[in-house]
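Single-letter residue listing:
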Amino acid sequence: MVEAVTNVLDDSGLQRILAVMAHPDDVDFGCAGSVAGWTDQGIEVVYLMVTDGDAGGFDDGVTRDEMASLRREEQRAAAKCVGVTDVRFLGYPDGRVEATLELRRDIARVIRQVRPDRVLMPSPERNYERIYPSHPDHRAVGGAALDAVYPDARNPYAFPELLADEGLEAWTAREVWLSGGPVVNHYVDITDQFDRKVNALRAHASQTSHMGDELPNMLRGWLSANAKAAGFGDGRLAEAFQVVDTA
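Starting from 1, residues in each chain are numbered consecutively following that chain's sequence as written. Owing to the predicted nature of the model, reporting of local features is limited to residues with pLDDT of at least 70; listing and counting of side-chain atom pairs is limited to 80 or more, with chain, interface and lining totals taken over all residues. Working from all heavy atoms in the structure, the side-chain values ignore hydrogens and water.

(A) Helix α4 (residues 136-153), seen in detail. Helix numbering and strand numbering both begin at the N terminus, where a helix is a DSSP run of H or I of at least 4 residues and a strand a DSSP run of E of at least 2. Between the first and last residue of a helix there are one fewer steps than residues, each counted as 1.5 Å, and that sum is the expected span. Spanning 18 residues, α4 covers 24 Å between terminal C-alpha atoms, matching the ideal 26 Å at 1.5 Å per step. At D147, α4 shows its maximal bend, which comes to roughly 25°, and the proline P151 appears one to four places after that position. Each residue is placed in one exposure class: buried if its accessible area under a 1.4 Å probe, protein chains only, is under 20% of its type's maximum, exposed if it is over 50%, and partly exposed if it falls in between. Every buried residue belonging to α4 is among D137, H138, A140, V141, G142, G143, A144, A145, A148, V149, D152 and A153, and all of these are buried. Each element contacted by the buried residues of α4 is listed here: β1 (16-21), α1 (26-40), β2 (44-51), α3 (101-114), β4 (118-122) and β5 (175-179). In this scheme, the bend at a residue equals the angle between the axes fitted to the seven residues that finish there and the seven that begin there. Should any heavy atoms of two residues lie within 4.5 Å, those residues are considered in contact.

(B) Local environment of the packing of α1 against helix α6 (residues 194-202). Between N-to-C directions, angles cover 0 to 180 degrees, with each direction set by a line fitted to C-alpha atoms, over the stretch in contact for helices. Contact geometry of α1 with α6 gives a least axis separation of 9 Å together with a crossing angle of 125°. The orientation of α1 with respect to α6, classified from their angle, is oblique. Crossing handedness for the pair α1 and α6: right-handed. Residue-level inspection shows D28, F29, G30, C31, A32, G33, A36, T39 and D40 of α1 in contact with α6, the latter providing R196, K197, A200 and L201. Here the contact of α1 with α6 is built from residues that sort into six nonpolar, three polar and four charged. Here is the rule for angles: anything less than 35 degrees is roughly parallel, anything more than 145 is roughly antiparallel, 65 through 115 is roughly perpendicular, and the remaining ranges are oblique. Two helices cross in a left-handed way if the nearer one is turned anticlockwise from the farther one by less than a right angle. They cross in a right-handed way if the turn is clockwise. Residue polarity follows a fixed list, in which Ala, Val, Leu, Ile, Met, Phe, Trp, Tyr, Cys and Pro are nonpolar, Asp, Glu, Lys and Arg are charged, and the others, Gly among them, are polar.

(C) Quick look at the sheet that holds β4. At least two DSSP bridges between two strands are required for those strands to pair. Taken in spatial order, the seven strands of this open sheet run β3-β2-β1-β4-β5-β7-β6, and their pairing is mixed. Two strands close off the open sheet at either side, each with one partner strand: β3 (86-92) and β6 (186-189). Adjacent strand axes in the sheet meet at a mean angle of 25° when their direction is disregarded. Judged from the three bridges that link them, β1 and β4 form a sheet pairing that is parallel. Directly across from A19, in β4, lies its bridge partner L120. Its contacts with the sheet place helix α2 (residues 64-81) against β2 and β3, and it is angled at close to 155° to β3. Across the sheet, α4 is in contact with β1, β2, β4 and β5; its angle to β4 comes to roughly 155°.

See below:
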């Protein structure tokens, strides 16, 4: 059983959470159960997708522009399954994301707009035990988003045009949650939200329709292993994170 971090913010004290992810469906594979639990508590959750997922899918008859449009709509539908209505896209090219100053600025802009207490993002570290969460876009977005939280969004002299031209005051997010990385120090029991997580992932039909019953079975395997590691008991399901105090 992992020893849980003791400085995790009490959810009851949260007002807003921002999830910054590389592709449509990333947040649903990693965090949708947790998101459903937060929105049920009345916490506002905002999604920021760095790409439109235009390099995804399996149908050669669909153009990349059509795929991007489809995946945006799928993400909006998936978000509704877990109580999220504010979904934003930056439009970076799928498969070619780099942790540039431009991306850091674009994420810092949204952090200052949303003013979240907690920011979710992919881990910038490669996970050698499970390689799939370590897509290059995920690691690039994780690195850029972490830099946008600290130091960019909180420093009024970083990207001064955000304040001078857009009136966006500096903002300090108090906590970062990393998903999919090699280090885990916090688990969220999502047993009661599991069906909504599955529904959110099924909304990404271009990515998951071929999986049928394999999808919930695969998820149960991952999530039950997390719950076992957390010591939650038999029959429970959990999502796993590395929580970083950034206050």
